[in-house]
Amino acid sequence: STNCMNTYQTCSGGSLQPSMKCVLLCRRDDSGRLSVCSKLCYAIGGAPYQITGSALGFFLQIYLLDVAQLDPFYASIILFVGRAWDAVTDPTVGFLVSRSRWTRCGRMMPWILISTPFAVLTYFLIWYVPPVEQWKVLWYLIFYCLFQSLQTCFHVPYSALTMFISMDQKERDSATAYRMTVEVLGTVVGTAIQGQIVGGAIAPCLPGDLDVLDNSNTTLLGSDVNISHISLDETKRAYLIASAVICVMYVLCAAVLFLGVREQEGCGRLKTEPMSFFEGMRMVMGYGPYVKLVMGFLFTSLAFMLLEGNFALFISYTMGFRNDFQNILLVIMLSGTLSIPFWQWFLTRFGKKTAVYIGITWAVPFMILIVCIESSLIVAYVVSVAAGVSVAAAFLLPWSMLPDVVDDFKVKNPDSSGHEAIFYSFYVFFTKFASGISLGISTLSLDFAGFVTRGCSQPDAVNLTLKVLVSAAPVVLIFLGLLIFKTYPIDEERRQVRPNTPTIRDSDTELGSVV
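For the structure given in this document, a descriptive report is provided here. All figures in this text were calculated on a predicted structure; none of them were measured in a lab. (Residues numbered from 1 in each chain as written. Predicted model: local features only at pLDDT ≥ 70, side-chain atom pairs only at ≥ 80, totals over all residues. Heavy atoms only, no water.)

## Here we look at the overall build of the chain
Across its full length, the chain carries 19 helices and 0 strands. The 515 residues of the chain split such that 56% are buried. Intrachain contacts of the chain at a sequence separation of at least 6 include 85% that bridge at least 24 residues. (Helix = DSSP H or I, 4+ residues; strand = E, 2+ residues; numbered from the N terminus. Buried < 20%, exposed > 50% of the residue type's maximum accessible area, 1.4 Å probe, protein only. Contact = heavy atoms within 4.5 Å.)

Below you can see the structure in the form of structure tokens.
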């Protein structure tokens, strides 16, 4: 580029040297600091994914079972197929993004802009109960899959944008901390909006199976059904109102991201031949540090996703706090938001691997505690505060460490570039695919245990299943993830080797003197 050439001419006394040397020098000089405003605008762009994700994660399962009144078997199919489809679209979108041309808006921004209006429409329709009973399963399956695909078209380019907002690793780490703070705050907002609006219009539970009531109670039965029907309609409206509010916030956050962030094109970046989808997959999955990082966080992420997906049911039925579950979920997210700055300081002071070991294991004693004691609202809030601290670490660390792996790959493969979106998309792919399996299995397990839709109480087998899903299974997954993560090779010393400070070979004498 012209700026790169001018910079090189200034440093070399006016003589223009070959382009490769120009590229290396440009990568050093073009790594300016990001303003706080730019970091905030970038961070706000991550809020839509977490706002909608927290609403779906905490409430979709209980919505399908208690409001849409689907059989648990069909609810498990919707959750599994939706997450599995979402996982499949991630590497596909990542591959397409990596081959996208640069435009005046950048290479990532057009994906974000075009997908946003369609994403909010499909999200709203997820929370609408169609009037035709036999089409319910197909309705939710179609719109859940469509929304996941459109949100992928937003989130994969946004995640890869981390590598294009600055060429400086410290600036990217700082921007990632801003992003994680806003994203955890986004989960608070999503949980608060959905929980508080819906929590004020919860349909009453049914004391028993209406189908087996005696005929002598026909009058009482008719009145109970009528009252329940009215309350259920109010609950449906509350879900629609909550989804409309979230849709507005989704659009506003996307607008702030577009207007406040300038995507930086790789200055004078060496051009590489476009690779096929399978070549990209082999490249990513053949890189050892990336595989170890992804597999380690795969298991720990699964642990927190199992907890997230079943915690509302656990609080409502096993602990008996049906009218307080939305407040308990809100406490978890608030605690996580306030903990993000602490974990950013901790990983800077003690290293990222140490932060992983301490941050992820922090929740384990509290996961065990909540299923070993009798139901207590005070204990539930204490556990929620402690769990939020660990949730913050689980949010921050994967996205803070992925750029390190990409940088490490660039150092080892200096002739390969433009594959950032592939690295990010495959990480999201494995996480979502596994979470889809886990949510499908957990919902199916509740079906086998005899879950009663909208029942005031559940059989002992259901309560036992919920305890396993929010405690025993997550604890095992966390320890498996930490065992894998122990082999992760990128420590603080290795992390200091940057792709924008390339190793100078002996043959690079002239370039070495200039640099």
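Past the structure itself, the notes keep going.
## Observations concerning the pattern of salt bridges
For the coordinates displayed, the defined rule picks out 4 salt bridges. Among the ionic pairs, Lys39 bridges to Glu171, the shortest N-O distance being 3.5 Å. Here the residue Lys39 occupies a position in helix α3 (residues 36-44), and Glu171 occupies one in helix α8 (residues 169-199), the gap between them amounting to 132 residues. You'll find Lys39 and Glu171 in the same group, each marked buried. Residues Asp404 and Lys352 are paired through a salt bridge, measuring 2.8 Å at the closest nitrogen-oxygen approach. With a gap of 52 residues between them, Asp404 in helix α15 (residues 377-412) and Lys352 in helix α13 (residues 352-361) connect regions that are remote in the sequence. Considered together, Asp404 and Lys352 belong to a single accessibility category, that of buried residues. (Salt bridge = Lys/Arg side-chain N within 4 Å of Asp/Glu carboxyl O.)

## So, the environment of Ala68
When you line up the elements, Ala68 lands in the loop between α4 (47-66) and α5 (72-98). We classify Ala68 as buried; its relative accessible area is 0%. Taking the C-alpha atoms as reference points, Ala68 and Tyr140, 72 residues apart in sequence, are found 9.7 Å from one another. When neighbours within four sequence positions are excluded, Ala68 is seen to be in contact with Tyr63, Val129, Lys136 and Tyr140.

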